[in-house]
Amino acid sequence: MNMSRVTFLRQSPRRMGGVRFQTTGPKRQHPLSRPIPSNSRKEAQKWSTGTLISLTGFVGGALYMYGTYDGAKRAREEEAKKLKTFGGSEVNVTEEQWEDAMVELRDLLPPECLSEDKEILESKAGSSWSYHPVLETPGAVIYPRSTSDVLSIVQLANKYSIPLVPYSGGTSLEGHFNAPSSSPTSPSHEKAGHGKGHHESPFAQKQGEWKRGRSWTLSFSEYMDRILEVHEGDLDVVVQPGVGYEDLNEHLKAYKLLFPVDPGPGALIGGMISTGCSGTNAVRYGTMRENVLNLTVVTADGQIVKTRQRAKKSSAGPDLGRLFIGAEGTLGIITEATLKLAPLLPTSVGVCSFNTFEEAAATVTDLIQHGVGVQCLELLDDVMMQAVNKSGGTGRTWDERPSLFIKFAGTDQQIKNDVAQTSKIVSTHGGSKFIFARSEKEKEDIWAARKVALYSAIDFVPGCRIWTTDVCVPISKLPTLAKETKEDITASGLVGPIVGHAGDGNFHALLAFRNEEEFRKAEGVVDRMVKRAQRLEGTCTGEHGVGIGKRDYLEAELGSETINLMRKIKRLLDPKNIMNPGKLIPQDSE
C-alpha cells in the first residue's frame, strides 16, 4: 500500500479499535448532488394523461357543484321574492276572459241570482261605516242559493281567474269586501315619502265616479239566510252564512238558548266567522273562534270541505275550521256553519263613574282578577258619555266622566253576590256609587247608553266621518294603553270618543275627521295606537280584523317567518289568487 495516499485518522471514542480512512485523491460527488440536465428537468414537469383527466374531472365537478349551489340560491331568492308579492290585489283579467266568463255565468244562474245594475254594484262596493275609499265596484253581484251554487261559481271563477269577494252584512270596518283593485296604499303618497302603510284618502273619489271592475261579489243575505237545524239537547245550531246573529237569537228564545257572540247590529254569521269577531259577551263566552264547531267551505280548486263533526271536542287531527276563521275569505268561501249555543240566563246591569280613565281601567283589571262573574264589561270615556248625552237617545242624562257599564248573568243569588263584590272593588278605585238596575225598564235604560255609543259618536261632530279602529292588550296592560292613547288623542286636537270591551283588553277609538288634514291626524293617532298595543304585547286588532287597513302591521306582530307561512298556505289553497285577493296578507311592493 502506498502510505503517501493514506492518512490515519484519530480513533473515534465511540468506535474503539476501529480505523477510519480518508483518501486524499480526487473527490467524487454524491449522486443526489449532481445537477439535473436541462432536458431531464423538462421531462420531470410533464403531466401524464391520467393526471390531466383527473384534474379536469375535479375542476369540472367543482364548477358544477358551485353552479348548482348558485343556481339553487338564485332559485330560492326568486321564490322568496315571488312569495312576498303573492296575494296582491291586482286584477289581471283580460277583456276577453271577462266576457267569456260572464256569458257562462249568465247561462249558469237564473236572472234573479245575478245583478249588473250600477246601483247594486255600488252598494256592495264599500261601506259608509269604513274609512277606506272605494276605488272600483265589482263587475257583477251574485246571489247564490246553496253550497252547490257556490261550488259552480267558484269552478267558473277558477277557470277564468275571476276574483271572488264574499259579502254578508257589510258591517266590517277594514275594507274586507272592497273590490280587489282597492288598496290602502297610494303610490303617489309613497313617492312623496310617506312610505308604506299611508292610507288612500277617503276624499279621493266620490260615489258615481267608481269604475266597474272585473271581479264578482257573492252576497249571501238574499238566499242563503236559513237556520237549518237546532239541536236543543246538544246546545248547537247549523246555519247558512247569511243568517244574522240578532235574528238567530230571536229564534232561539223559544228554546231558552243563546248564541253569545254579538259584534254589532247588522252582522251576519259568514262575515263574523271570516273576521274572527267577538263583541260585548266575549269576557264570558269567548270570541267566534271558540264558538264554531264545524264549517262547510268551498275551496278555490272547487272542493267542498267539511272541517269536523258536531261533537263538542275532538282529537281527530288538527281543527281545520280554525284555518278559515279569521281568514277573511282568502282561503275559501264558507257556506254552512255549526255553532255552539249557551243557556239563556237571567241578566241585570249596572253603571258607575270614575274621575279618570286610568281608574276605570284599573277597576276592570281588579274585577277580572277577583273572578267576578260578569257577562259584559264595557268602558266608555268622558267624551263618549258627552256624545251619548248629546244624542238624547237614552231618556236620561249621564255623568260625563269615564264610566263602566257592567252586565251580570246567573241566578238571582249569583247576581246579588257579584253586585256586592263589584261595589267594593269600585269604591277602592274612587268610583261613584254603583247604580244597579232593579227592574226590566231600568235595565233597558242603562244598557241603552252602551248600545247607542257608535251612533252617538257619529252624530257628535256634525258633518264628520268616523275612523273606527281597535286594538287589544293583556288586561293588566289596559290602564297603560288607555292613559297613553287618551293623551295622544287630546294632543292631536281631534275628537275621539273611546269605548272598549274592557273585560278582555279590547279597546276602540272612534276618531272624527272632516277634511284631509284631520284625516292625516287620525292616521297618525291610529298608527301610534297600534304600535303602542304591540309594544304592550298586544295585537293590532282584537275583533275588527285585518282587511286592507291593518295588513302592514302584521309582520311586526307575528314575524316574517309566520307571514311567509301564511303566504305559503294561501298559495297552496288558492294558487290563482282568486279568493278575496289583497286582503289580510301583507304585500311587498317589489
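The text that follows walks through the structure, step by step, so that each part is easy to find.

Reading guide: rules and limits
- Residues numbered from 1 in each chain as written.
- Predicted model: local features only at pLDDT ≥ 70, side-chain atom pairs only at ≥ 80, totals over all residues.
- Heavy atoms only, no water.
- Helix = DSSP H or I, 4+ residues; strand = E, 2+ residues; numbered from the N terminus.
- Expected span 1.5 Å × (residues − 1).
- Buried < 20%, exposed > 50% of the residue type's maximum accessible area, 1.4 Å probe, protein only.
- Arc of directions from axis to C-beta.
- Salt bridge = Lys/Arg side-chain N within 4 Å of Asp/Glu carboxyl O.
- Patch = residues over 30% accessible without salt bridge, like charges linked within 9 Å, V, L, I, M, F, W, Y side chains within 5 Å.
- Areas by Shrake-Rupley, 256 points an atom, 1.4 Å probe, with all protein chains shown as cover.
- Lys, Arg positive; Asp, Glu negative; His and termini not counted.
- Charge placed at Lys NZ, Arg CZ, Asp CG, Glu CD.
- Pairing = 2+ DSSP bridges.
- Contact = heavy atoms within 4.5 Å.
- Axes fitted to C-alpha atoms, helices over the stretch in contact; angles between N-to-C directions.
- Parallel < 35°, antiparallel > 145°, perpendicular 65-115°, else oblique.
- Left-handed = near helix turned anticlockwise from the far one by under 90°.
- Nonpolar A, V, L, I, M, F, W, Y, C, P; charged D, E, K, R; others polar.
- Phe/Tyr/Trp six-rings, centres within 6.5 Å; stacked < 30°, edge-to-face > 60°.
- Lys NZ or Arg CZ within 6 Å of the ring centre and 35° of its normal.
- 1 Å grid on protein atoms, 1.4 Å probe; cavity = no way out; pocket = protein on both sides within 12 Å on 5 of 7 lines; lining within 4 Å.
- Points joined across faces, edges and corners; volume = space filled by probe spheres on them.

Notes on helix 19 (residues 560-573)
Reasoning step 1: Here helix 19 contains 14 residues, and its C-alpha end-to-end distance of 20 Å stays within 8% of the 20 Å for a straight helix at 1.5 Å per residue.
Reasoning step 2: Taken together, the buried positions of helix 19 are occupied by Ile 563, Asn 564, Arg 567 and Lys 570. Projected down its long axis, helix 19 shows its buried positions confined to an angular sector of 120 degrees, all on one face. With respect to the buried face of helix 19, the exposed residues turned more than 90 degrees away are Glu 561, Leu 565 and Leu 572.

Regarding the pattern of salt bridges
Reasoning step 1: Using the criterion set out here, one finds 28 salt bridges in the structure.
Reasoning step 2: Through salt bridges with shared partners, a single network forms among Glu 484, Asp 488, Arg 528, Arg 532 and Arg 535.

So, a negative patch on the surface
Reasoning step 1: On the surface, a cluster of negative charge is contributed by Glu 95, Glu 96, Glu 99 and Asp 100.
Reasoning step 2: Tracing the sequence through the fold places Glu 96 in helix 3 (residues 95-108).

Remarks on the sheet that holds strand 21 (residues 498-501)
Reasoning step 1: Across the sheet, seven strands lie side by side as 19-16-18-17-21-22-20; this open sheet has antiparallel pairing. Of all the strands in the sheet, the pair left with one neighbour each is strand 19 (435-436) and strand 20 (465-472).
Reasoning step 2: Two strands pair when backbone bridges link them, and strand 21 and strand 22 (residues 506-513) are joined in this way by two bridges, in the antiparallel orientation. Note that in strand 22 the partner of Ile 498 across the bridge is Ala 509.
Reasoning step 3: Sheet strands in contact with helix 13 (residues 412-428) are strand 16 (347-353), strand 18 (403-409) and strand 19, and its direction is about 160 degrees off that of strand 18.
Reasoning step 4: Set on the sheet, helix 17 (residues 516-535) makes contact with strand 20 and strand 22; between it and strand 20 the angle comes to about 5 degrees.

Examining the packing of helix 11 (residues 357-369) against helix 16 (residues 478-492)
Reasoning step 1: Contact pair helix 11 / helix 16: the axes reach a minimum separation of 8 Å and the direction vectors enclose 160 degrees. Comparing their axes, helix 16 and helix 11 come out roughly antiparallel. In this structure, helix 11 crosses over helix 16, and the sense of that crossing is right-handed. Residues Phe 357, Glu 358, Ala 361, Ala 362, Val 364 and Thr 365 of helix 11 form the contact with helix 16, whose participating residues are Leu 478, Pro 479, Ala 482 and Lys 483.
Reasoning step 2: Tallied by class, the residues present in the contact of helix 11 with helix 16 amount to seven nonpolar, one polar and two charged.

Notes on the packing of aromatic side chains
Reasoning step 1: For the structure shown, the criterion picks out eight aromatic pairs.
Reasoning step 2: Judged by centre distance (6.3 Å) and plane angle (50 degrees), the ring pair of Trp 98 and Trp 216 falls under tilted. Residue Trp 98 is located in helix 3, and its partner Trp 216 is located in strand 8 (residues 216-219); the two are separated by 118 residues in the primary sequence. We note that Trp 98, like Trp 216, is buried.
Reasoning step 3: Clustering of aromatic rings is evident, with ring pairs tying together Tyr 131, Trp 467, Phe 513 and Phe 519.
Reasoning step 4: Stacked on the ring of Trp 398, the Lys or Arg Arg 396 has its end atom at 4.2 Å from the ring centre.

Some remarks on a nonpolar patch on the surface
Reasoning step 1: Among the surface-exposed residues, Leu 55, Phe 58, Val 59 and Leu 63 lie close enough to one another that they form a single nonpolar patch of about 420 Å² accessible area.
Reasoning step 2: By the secondary structure assignment, Leu 63 is in helix 2 (residues 49-85).
Reasoning step 3: By relative accessible area, which is 58% here, Leu 63 ends up exposed.

Considerations on the layout of surface pockets
Reasoning step 1: Estimates place the volume of the second largest pocket at around 730 Å³.
Reasoning step 2: Contributing to the lining of the second largest pocket are 34 residues, with Arg 289, Ile 325, Gly 326, Ala 327 and Leu 584 lying nearest its centre.
Reasoning step 3: Elements that contribute at least two residues to the lining of the second largest pocket include exactly helix 10 (321-324), helix 18 (554-558) and helix 19.
Reasoning step 4: Taken together, the residues of the lining of the second largest pocket break down into 14 nonpolar, 13 polar and seven charged.

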